[in-house]
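Geometric and topological summary
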Amino acid sequence: MSSTTTFVSIGDLRKGRQAVSELVETASGGCSTTGGAGKSSCGSSAGPDDMPQEIWDKVKNHPCYSEEAHHHFARMHVAVAPACNIQCNYCNRKYDCSNESRPGVVSQKLTPDQAVKKVLAVASEIPQMTVLGIAGPGDSLANPKKTFDTMRQLAEKAPDIKLCLSTNGLALPDQVDEICKYNIDHVTITINMVDPAVGEKIYPWIFYNHKRYTGYEAAKILHERQMLGLEMLTARGVLTKINSVLIPGVNDEHLIEVNREVKKRGAFLHNIMPLISEPEHGTVFGLTGQRGPTAQELKAVQDACMGGANLMRHCRQCRADAVGLLGEDRSEEFTLDKIEQMEIVYDLDKRRAYQEKVEEERQAQHQAKVNALSNAFDASLLAGTEELRVLVAVATEGHGRVNQHFGHATEFQIFEVDRRQALFVGHRRVDLYCQGGYGEDEQLPSIVSAINDCHAVLVSKIGACPRDELKAAGIEPVDQYAHEFIEKAALQWFADYCERVASGALQHHERGDARIRQGAFTGGQAVA
Ligand code: CLF
Ligand code: SF4
């Protein structure tokens, strides 16, 4: 595998985005939303008015299928599926499946019985845990007995938990009946190509029907099985999400075609994730110098896909044994040793009552945000600022508000703001700045590089030192909207920015690119 040095330009991708939009408009019109042109993620960030009730019921408390839900509801994975039937160049067996996880070893592989016990233990401690996923560390369907034994037991013992699995798709067509039998309503297929010529650069071999295939032939079989499996799931009413790993120079532009093809076959969501390829992970890509995308390259491909299959932009590439809200990892609280000591009380009524309360809170927050936004931005034209569109980074602890200290952030949410809207477009992991009560200045350059494409960072509070460093880097630290709803704060800051530009007090400059943090993501706790 060669190290790739040719990249598709953002301009090329924008042309591609237009082409996809035109094609999709003339195709089936499968997205059942009222969002219309320009709505980027009608599946991931939509509400009950955007889709049929039965679909809403499936997504409303699934943290991966609903952007809003992921702030309120948790998921867990059980690592019961160690084997895999293909080889991806971004995977090293010693590490989690890159399809669905960060590159860190799974702490404990589980038997189905251990997995069921763990799920019930987590369910009794974390009532807002609504989804159980099997996402490796190998491929869930290359381990059908373990996967379905786990699912069968859970369908009986924990009927309120949504069942979810992730697969490379090779074995999928053979398992659709089993998937439906246990009411597994959510299936993720990792599809990185729809052209075997692209696929052979990603997959050195597959093992299919007791035989090993390599090269183009292997990629062709995999592609055909993935498409067939997706069509079969769609026909059976299973919600499918497609994960694609963006590999610069290999499949970046090609993912626009992937988006189009999976939408045609009924995929509900498309999650385009950055390749993680640090040399120390020992993957083929890591060892041959294949780099991952920059933040702007990732965004350019995602933007180019707008108008096609709905986009998921809040994936945290979590590990195969993750527990908790997306972006946090509580798996250490539920090791087998600790579970043995726990009193496990799976109380269905209590869980339901708790979840109803969470859902009420979510709706109240949603409504409060809608109300706050109704007069957020005076649309009077400020000469010369009509076309401005910028990114802002936001430090938040949840509840949809700007409510986190700069020094406590382990990730920033990124919003794209223009005169009409503030749109969530992703998140950036950073190293914690505040270490035990004092600022760690060595972390600042890495934080700046992670949000370097942003014009401002919205925080509840920020110290003098990082404030000066951010300003020097051309990123405006903003703390006057503390505890305000994020979209409202972003729009108000943007109105102020436009005024300053229009009055000549400030000159608008385009920002540069930003770096996606590589390496293991840790669910680090902010130091208070
Ligand atoms: Fe797990 Fe995947 Fe189900 Fe979610 S994760 S099996 S759909 S319950 Fe979610 Fe994690 Fe991203 Fe996967 S954030 S890596 S998309
Ligand atoms: Fe690794 Fe997952 Fe690919 Fe299998 S499907 S090789 S476990 S990334």
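Going by the structure above, here's the rest.
Since we're looking at a predicted model, the values are computed, not measured.

Looking now at the environment of Asp 195. Note that Asp 195 resides in the loop between strand S5 (184–190) and helix H6 (196–199). Judged by its relative accessible area of 30%, Asp 195 is partly exposed. Spatially, the C-alpha atoms of Asp 195 and Ala 219 are 8.1 Å apart, while their sequence positions differ by 24 residues.

For the rest of this paragraph, the subject is helix H10 (residues 295–304). With ten of ten residues buried, H10 lies mostly within the body of the structure. Those residues of H10 that fall on the buried side of the exposure criterion are Ala 295, Gln 296, Glu 297, Leu 298, Lys 299, Ala 300, Val 301, Gln 302, Asp 303 and Ala 304.

Moving on: the nonpolar core. Judged by nonpolar contacts, the single largest core of 61 residues is most densely connected at Val 78, Met 129, Leu 132 and Ile 184. When residues in this core are grouped by element, the largest group, seven residues, is from helix H3 (residues 112–125). Counting 34 residues, the second largest nonpolar core, distinct from the first, contains Leu 170, Val 198, Val 245 and Leu 269.

Evaluated as defined, the whole model comprises 30 salt bridges. Notably, a salt bridge pairs Asp 418 with Arg 389, separated by 3.7 Å at the nearest N-O pair. With Asp 418 in the loop between strand S13 (411–417) and strand S14 (422–429) and Arg 389 in the loop between helix H12 (348–373) and strand S12 (390–394), this residue pair connects regions lying 29 residues apart in the sequence.

Moving on to empty space enclosed by the protein. In total, this model carries seven cavities of 30 Å³ or more according to the counting rule given. If you add up the space inside the largest cavity, you get close to 330 Å³. The wall of the largest cavity is formed by 24 residues, among which Pro 274, Leu 298, Gly 426, His 427 and Ile 516 lie closest to the centre. Of all the secondary structure elements, the ones that give two or more residues to the lining of the largest cavity are strand S9 (269–274), H10 and S14. With five residues, the single largest contributor to the lining of the largest cavity is S14. Across the lining of the largest cavity, the residue classes tally to twelve nonpolar, five polar and seven charged.

The rules behind the values
- Throughout this document, residue positions are counted from 1 along each chain, in the order its sequence is written.
- Working convention: letters from A go to chains and numbers from 1 go to ligands, in the order in which they are written.
- Where local features are concerned, this predicted model is filtered to residues with pLDDT of at least 70; where side-chain atom pairs are given and counted, the filter is 80 or more; whole-chain, interface and lining totals use all residues.
- Remark: hydrogens and water are excluded; side-chain values derive from all non-hydrogen atoms of the structure.
- Only DSSP runs of H or I covering at least 4 residues are called helices, and only runs of E covering at least 2 are called strands; the numbering of each starts at the N terminus.
- Burial classification: accessible surface area is computed with a 1.4 Å probe over protein chains only, and a residue below 20% of its type maximum counts as buried, one above 50% as exposed, and the rest as partly exposed.
- Take the buried Ala, Val, Leu, Ile, Met, Phe, Trp, Tyr and Cys residues and link them wherever side-chain atoms come within 4.5 Å; each set so joined is a nonpolar core.
- Any carboxyl oxygen of Asp or Glu that lies within 4 Å of a side-chain nitrogen of Lys or Arg is treated as forming a salt bridge with it.
- A 1.4 Å probe that fits into a set of points on a 1 Å grid over the protein atoms alone but cannot get out defines a cavity; an open set with protein on both sides within 12 Å along at least five of seven lines defines a pocket, and lining residues are those with an atom within 4 Å of a point.
- Grid points are joined across faces, edges and corners, and a volume is the space filled by probe spheres set on the points.
- Under the grouping applied here, Gly and all other residues not named as nonpolar or charged are polar, the nonpolar ones being Ala, Val, Leu, Ile, Met, Phe, Trp, Tyr, Cys and Pro and the charged ones Asp, Glu, Lys and Arg.

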